Amino acid sequence: NDGAVGSNSSQFTTKAGGTYDLSVSNSSGCSVSSTNSIVVTVNPAPSAGNISLNGPDTFCEGGSVTLSVPATSGNIYNWKNEYGLITGAESNSYVATVSGNYKLKTSNPSGCSSETEPVSITVRPSPSKPAVTASNYSPGECPGKEPIGLSAGTVVPGYKYSWIKDGEPRLSDTLTHLEFYEKGIYKLSAGLGDCIIESDPVTITLPDAPEKPKVYVKGPVVWYMAAESKTADRYQWYRNGELITGA
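These lines cover the structure that appears in this document, whether it is placed above or below. (Residues numbered from 1 in each chain as written. Predicted model: local features only at pLDDT ≥ 70, side-chain atom pairs only at ≥ 80, totals over all residues. Heavy atoms only, no water.)

**Notes on the packing of aromatic side chains**
All told, the structure shown has 5 aromatic pairs when counted by the stated rule. Considering the side-chain rings of tyrosine 94 and tyrosine 102, the 5.8 Å spacing of their centres and the 35° angle between planes classify their relative orientation as tilted. By relative accessible area, which is 1% here, tyrosine 102 ends up buried. Aromatic side chains phenylalanine 180 and tyrosine 186 sit 4.2 Å apart centroid to centroid with 25° between the ring planes, which places their arrangement in the stacked category. Classification of phenylalanine 180 as buried rests on a relative accessible area of 3%. (Phe/Tyr/Trp six-rings, centres within 6.5 Å; stacked < 30°, edge-to-face > 60°. Buried < 20%, exposed > 50% of the residue type's maximum accessible area, 1.4 Å probe, protein only.)

**What to know about the pairing of strand β18 (residues 177-180)**
Every second residue of β18 is oriented toward a common face, the buried set being Leu178 and Phe180 and the non-buried set His177 and Glu179. Relative to β18, strand β15 (residues 148-152) runs antiparallel, the two sharing 4 bridges. Across the sheet, glycine 149 pairs through a bridge with glutamate 179, a residue of β18. (Helix = DSSP H or I, 4+ residues; strand = E, 2+ residues; numbered from the N terminus. Pairing = 2+ DSSP bridges.)

**Here's the deal with a nonpolar patch on the surface**
Together, Val215, Val217, Trp223 and Met225 make up an exposed nonpolar region whose accessible area comes to about 440 Å². With respect to the helices and strands, the residue tryptophan 223 is situated in the loop between β22 (214-218) and β23 (224-228). (Patch = residues over 30% accessible without salt bridge, like charges linked within 9 Å, V, L, I, M, F, W, Y side chains within 5 Å. Areas by Shrake-Rupley, 256 points an atom, 1.4 Å probe, with all protein chains shown as cover. Salt bridge = Lys/Arg side-chain N within 4 Å of Asp/Glu carboxyl O.)

**Points about the sheet that holds β18**
Within the open sheet, the 3 strands sit side by side as β14-β15-β18. Their pairing is antiparallel. Here the strands that pair on one side only, and so sit at the sheet edges, are β14 (132-135) and β18. This sheet shows a mean twist of 20° between the axes of neighbouring strands, independent of strand direction. (Axes fitted to C-alpha atoms, helices over the stretch in contact; angles between N-to-C directions.)

**A few points about the layout of surface pockets**
Put simply, the largest pocket is a space of about 850 Å³. Across the lining of the largest pocket, the residue classes break down as 13 nonpolar, 3 polar and 6 charged. In this structure, the second largest pocket spans a volume of roughly 680 Å³. Along the walls of the second largest pocket sit 25 residues, with Val5, Phe12, Tyr20, Asp21 and Leu22 positioned nearest its centre. Breaking the lining of the second largest pocket down by element, the ones donating at least two residues are β1 (18-20) and β4 (38-40). Broken down by element, the lining of the second largest pocket gets its largest block of residues, 3 residues, from β1. Partitioned by chemical class, the residues of the lining of the second largest pocket number 7 nonpolar, 16 polar and 2 charged. (1 Å grid on protein atoms, 1.4 Å probe; cavity = no way out; pocket = protein on both sides within 12 Å on 5 of 7 lines; lining within 4 Å. Points joined across faces, edges and corners; volume = space filled by probe spheres on them. Nonpolar A, V, L, I, M, F, W, Y, C, P; charged D, E, K, R; others polar.)

**Digging into the environment of isoleucine 204**
Here isoleucine 204 shows up in strand β21 (residues 202-204). According to the relative accessible area criterion, isoleucine 204 is buried, its value standing at 3%. Once the C-alpha coordinates of isoleucine 204 and leucine 53 are considered, the two residues, 151 residues apart in sequence, prove to be 43 Å apart. Non-local contacts of isoleucine 204, meaning those with residues more than four positions away in its chain, are made with Tyr137, Ile148, Phe180, Glu182, Lys183, Gly184 and Tyr186. (Contact = heavy atoms within 4.5 Å.)

**A short note on unusual backbone geometry**
Cis geometry marks the peptide bond from glycine 219 to proline 220, where omega comes out at 10°. Tracing the chain through its elements places proline 220 in the loop between β22 and β23. If you check the backbone angles, asparagine 136 has positive phi at about 55° while not being a glycine. Inspection of the secondary structure puts asparagine 136 in the loop between β14 and β15. The phi torsion at asparagine 240 lies on the positive side, around 55°, for a residue other than glycine.

Honestly, that's just the spatial picture; any functional story needs more than this.
Structure representation (structure tokens):
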């Protein structure tokens, strides 16, 4: 633009737009201007911006987090990770479900582009969903002498198992088997580190049992024992845990 910008070199590198020409001088002090001028046009680059996350950058497998930048009309977006461009990820937002370093390349209609700083996403491994099997149980029937049992179908070493009854923790340890006589909705949770997954619910239905009987004892020469219950219509006596026939 008729102002000196560089001297004493046959080459000049510029990043600024304008009209450029060249003046050449010799040792005799004579000079001549170039026969032509070069017009350089510098198109503006789009603003890279910063990636925003709508959730934590560390979560369990099966979760996700949305990465995004404000949308600008006419811009072209391409999400990248450490392996290169992500196929089909061509909007101003992206849902990440696996670990990686993510960044966004933004291009404008002039063909200029810029990239954001990368953000790191960490996805922790989640345990496999446990299956639960029941034993000593038939729906709608009273339990027998042996308690109802629930067990993990497959026990995975390193998992932490916990039982849940009607939405409340029942046991919080590594037991994979549970015995009981109570109806309810049971689930088994499996934990691996901070990641937890629950089994499908198992509904145990039982008829209402009579109230626990009161036992009265009188002796001591001959011992008489009698039971009282307002809801029972049959009784069975045991001695030392063994059934007394006909009692």
